[in-house]
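Structural overview for review
Spelled out from the first residue to the last, the chains are:
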Amino acid sequence: MGTFRLGRHFGSTRAPESAVERQPLSILKPVKGSEPGLRENLTTFFSLDYPSYELIFSLAEESDPARPIIEDLMREFPSIDARLILGDVKIGPNPKVNNLIRPYRQAKYDWILISDSNVRVERDYLRKKTAEFTPEVGIVTAVVVGVDDETFGAHLEAAFLNTFYARWMFIAAAFRQDCVVGKSMLFRKSTAERFGGMSQLGRFLAEDYMAGQAMKLLGLKVKIAPLPIRQPLPQYAFQDFWRRHLRWGRIRKAQAPLPVFFEPWISLIPSGSLGAFAFATVAAVDPVWFFVCHSLIWLACDLSVIKNLKKTLKPHLIFYCLAREVLSLPMWIHVWSGNSVNWRGQKMRVRTGGLLDLPTHG
Amino acid sequence: MKEMPWLADLHTYSTFSIGKLSIPQLVDAYGRRGFGAIAITDLFYERGSLSGRSARLLNRSLTEATFPLYMEILRSEARRAWYQYSMVVIPGFEIARGSRRSSVHLLCLGGREFAPADLSKTDLIQSASDHGLLAVATNPRSFKSRKPHGPWSENDRAPASSELPLIASSQPEKRAWISGWKTVLTCERSEHAILSAIRERNVGFQDTMEVKLDLFPRADGGHGLGLRHRGRLLGDLPARPALRLDTGS
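In what follows, the accompanying structure is described. Residue indices begin from 1 for each chain and proceed along its sequence in written order. Key to labels: chains lettered from A, ligands numbered from 1, both in the order written. Under the rules for a predicted model, residues below a pLDDT of 70 receive no local features and side-chain atom pairs below 80 are neither given nor counted, while totals for whole chains, interfaces and linings still include all residues. With hydrogens and water set aside, each side-chain value is computed from the structure's full complement of heavy atoms.

Observations regarding the overall build of chain A
Applicable threshold: Going along the chain from the N terminus, every DSSP run of H or I of four or more residues is numbered as a helix, and every run of E of two or more is numbered as a strand. Note on exposure labels: buried denotes an accessible area under 20% of the residue type's maximum, exposed denotes more than 50%, and partly exposed covers the range between, all computed with a 1.4 Å probe on protein chains only. Two residues form a contact once any of their heavy atoms are found within 4.5 Å.
Each helix and strand counted, chain A has 13 helices and twelve strands in total. Projecting the C-alpha coordinates of chain A onto the three principal axes gives extents of approximately 70 × 50 × 40 Å. Per-residue burial over chain A gives 57% buried out of 362 residues. Summarising the internal contacts of chain A: among those between residues at least 6 apart in sequence, 80% fall at separations of at least 24.

Here you go:
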């Protein structure tokens, strides 16, 4: 279902339908640290094909190593309305939201795009994204595609992002459990103010998920942009990959425990084993053949999703897709074994509902 | 001077718990039908019981996480409801403790602070009172047959609770929510006046199955929205005292 819906979403060519298109908007860029490729990522936002927008960068600390890069880009593109805000506002335990409060309050326009610093976009990104906005839409998000993966951890990360997560976004949307990705959220500030704005989200670890929930509680829809955004993957080690997905898994578990509980049964090995057993019992089908056929169809779906997102396929993807399937069950067990997450060196405890306990060191 | 009688639904659920409509949709639905006030009272289940855990797991209950969001949306929608429809939106919630042997549903009107559901019955009422809330009996099941029930379910009636006031409950989580029993008020359209009228049991009840909302001519030459009962305008309907609660004693 996810593969089909994703293919239909990215395969269709839709004409812009929204009166919102070309409204001036403010792009908020919370930045922390100088990660590899930061300059290239940010440059794509200085060269967008859009009539009127402002770029607001925010750094929690004045001494952040990203500061010279941002200032350099602002000098290089003087025609772009860009500014840098230093210092965060401690409104809750979520450091990203703290870093976003000042730019959110100072944004000139009603239309806000929150965009992480580790993504790159196409020139027509804003036009296509704003075209999705209709009066019944509260927030437009995007699918993230992992690119430039070079290490073992990064390959695994790409396999997770470009198959599992992308497909799940569409499966969840089909069941009206829309997911919002914080790397790209377009919404109206006036609408967000109806649920208390950005400061309401600072209590949650997954502020993106809660933003989507809040919009839905206002009776508005969540939409996925027709263009994925690219995330160049750093030189991840296996531990980095594991830690990151453990955090995501525990966030998902805190926010929506029921779907996460059933996750293993919709991954390759458990569902294939269950199907093989069932067909062998009921219809006397050879379980080995069943499992092999099931795995081939599964892989074909994975590759179809990757092809739709990245437009290219490489042979090594098969290995990493299989590795992801093998790792998914131990990952799931690890997710359910605790509630703490490690985020940028800070250990935090996620409570049911996604609330964060204040960081504890150690 | 008393106002014309107007309808209020003081027990409604939104998508924060078991309702079908979001809070803005509820405001529009009641506002367009000329209601003078609604109270949005989503369920707040306890954590300890199986039903409470299930409700929270299935997003059919307010939680500590969603409560501030709920209050913010209520605040902003109350402003809109007043400007757009001259309708009062009273914030509230329904504390639910449930098991087969003992079930407690306590409606808290005017509630703006988080009140945990994991208290004993007596402490629940005390806690509601301490927070300045109006505690109201909920789910009078046989209202149509004029046999009001006590504030607790049939399995567990508490005589101490007999002093609690009563309002109409229309079970708005169902599709036919608009046509159930409603509370009729004649007081000023403000939260304080409405809660005072309920406290003083200065309210009436009306089954809106029999009532049609209709335009009636006003003294100033304009038209107002009023209640018409079997063809007769209920413009001079006196406020009736609230039905006495059956304590079961």
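Focus on the overall build of chain B
Along the backbone of chain B there are five helices and ten strands. Scored against the burial criterion, the 249 residues of chain B give a buried share of 56%.

Digging into a nonpolar patch on the surface
Rules: Only residues above 30% relative accessible area that lack a salt bridge enter a patch, with like-charged residues linked at up to 9 Å and the nonpolar side chains Val, Leu, Ile, Met, Phe, Trp and Tyr linked at up to 5 Å. Areas reported as accessible are Shrake-Rupley estimates using a 1.4 Å probe. Residue values count occlusion only from the protein chains shown. Any Lys or Arg side-chain nitrogen found within 4 Å of a carboxyl oxygen on Asp or Glu counts as a salt bridge.
A cluster of nonpolar side chains, contributed by L258(A), F261(A), F262(A), W265(A), L274(A), W336(A), L57(B) and L58(B), occupies part of the molecular surface with about 770 Å² of accessible area. Relative to the helices and strands, F262(A) is located in the loop between helix 10 (257-261) and helix 11 (268-283). Since its relative accessible area comes to 46%, F262(A) is described here as partly exposed.

Some details on the sheet that holds strand 5 (residues 137-141) of chain A
Residue and element names in this part refer to chain A. The criterion, for reference: Only strands joined by at least two bridges in the DSSP assignment are considered to pair. As a rule, the C-alpha atoms of each element are fitted with a line to give its axis, helices using only the stretch in contact, and angles between N-to-C directions run from 0 to 180 degrees.
As summarised here, the arrangement of the seven strands in space is 3-2-1-4-7-5-8, forming an open sheet in which the pairing is mixed. Only two strands of the sheet have a single neighbouring strand rather than two, namely strand 3 (81-86) and strand 8 (221-224). Here the average twist between neighbouring strands, direction ignored, is 20 degrees. In this structure, strand 4 (residues 111-115) lies alongside strand 7 (residues 184-188), joined through five bridges in antiparallel fashion. Following the sheet pairing, I114 is matched in strand 7 by M185. Running at roughly 155 degrees to strand 2 (residues 53-59), helix 2 (residues 38-46) makes contact with strand 1 (25-31), strand 2, strand 3 and strand 4 of the sheet. Strands strand 5, strand 7 and strand 8 of the sheet are contacted by helix 8 (residues 207-217), whose axis makes an angle of about 155 degrees with strand 5.

Considerations on the pairing of strand 6 (residues 181-185) of chain B
All names here are of chain B. Counting buried positions along strand 6 gives five out of five residues, so the element sits mostly inside the fold. A two-sided burial pattern is seen for strand 6, the buried positions comprising W181, T183 and L185 on one face and K182 and V184 on the other. In this sheet, strand 6 lies alongside strand 1 (residues 6-12) in antiparallel orientation, the contact comprising three bridges. Residue pairing across strands places L7 opposite V184, the latter belonging to strand 6.

Observations concerning the pattern of salt bridges
Residue and element names in this part refer to chain A. According to the stated counting rule, one finds 27 salt bridges over all chains in the structure shown. Notably, a salt bridge pairs R244 with E157, separated by 2.6 Å at the nearest N-O pair. Of the two residues, R244 is situated in helix 9 (residues 238-255) and E157 in helix 6 (residues 152-174); the sequence distance between them amounts to 87 residues. The two residues R244 and E157 agree in class, both being buried. Because the salt bridges share partners, they merge into one network encompassing R39, D72, R75 and E76.

Comments concerning the pairing of strand 6 (residues 144-147) of chain A
All names here are of chain A. Residue alternation in strand 6 divides its side chains into two sets, V144 and G146 and V145 and V147, and both sets are buried. Relative to strand 9 (residues 229-232), strand 6 runs parallel, the two being bridged by four bridges. Bridge pairing in strand 9 places V147 opposite P232.

Some details on unusual backbone geometry
Its identity is not glycine, yet D148(A) carries a phi of approximately 55 degrees, on the positive side. Of the residues examined, D148(A) reaches a relative accessible area of 43% and is grouped as partly exposed.

Digging into the packing of aromatic side chains
Residues and elements named next belong to chain A. Spelled out, the test is: Any pair of Phe, Tyr and Trp rings, taking the six-membered ring for Trp, is counted once the centres come within 6.5 Å. Such a pair is stacked with planes under 30 degrees apart, edge-to-face with planes over 60 apart, and tilted for the rest. Throughout this description, the term charge over a ring refers to an Arg CZ or Lys NZ atom that lies within 6 Å of the ring centre and within 35 degrees of the ring normal.
Within the structure shown, the criterion is met by 26 aromatic pairs over all chains. A centroid spacing of 6.4 Å and a plane angle of 45 degrees characterise the contact between F160 and Y165, whose relative ring orientation is tilted. Under the relative-accessibility criterion, Y165 is labelled buried at 16%. Ring pairs connect the aromatic residues F152, F160, F164, Y165, W168, F238, F241, W242, W248, F319 and Y320, which therefore count as one cluster. Of note, K29 hangs over the ring of F45, and the distance from its end group to the ring centre comes to 3.4 Å. A cation sits over an aromatic face here: R324 above F160, 5.9 Å from the ring centre.

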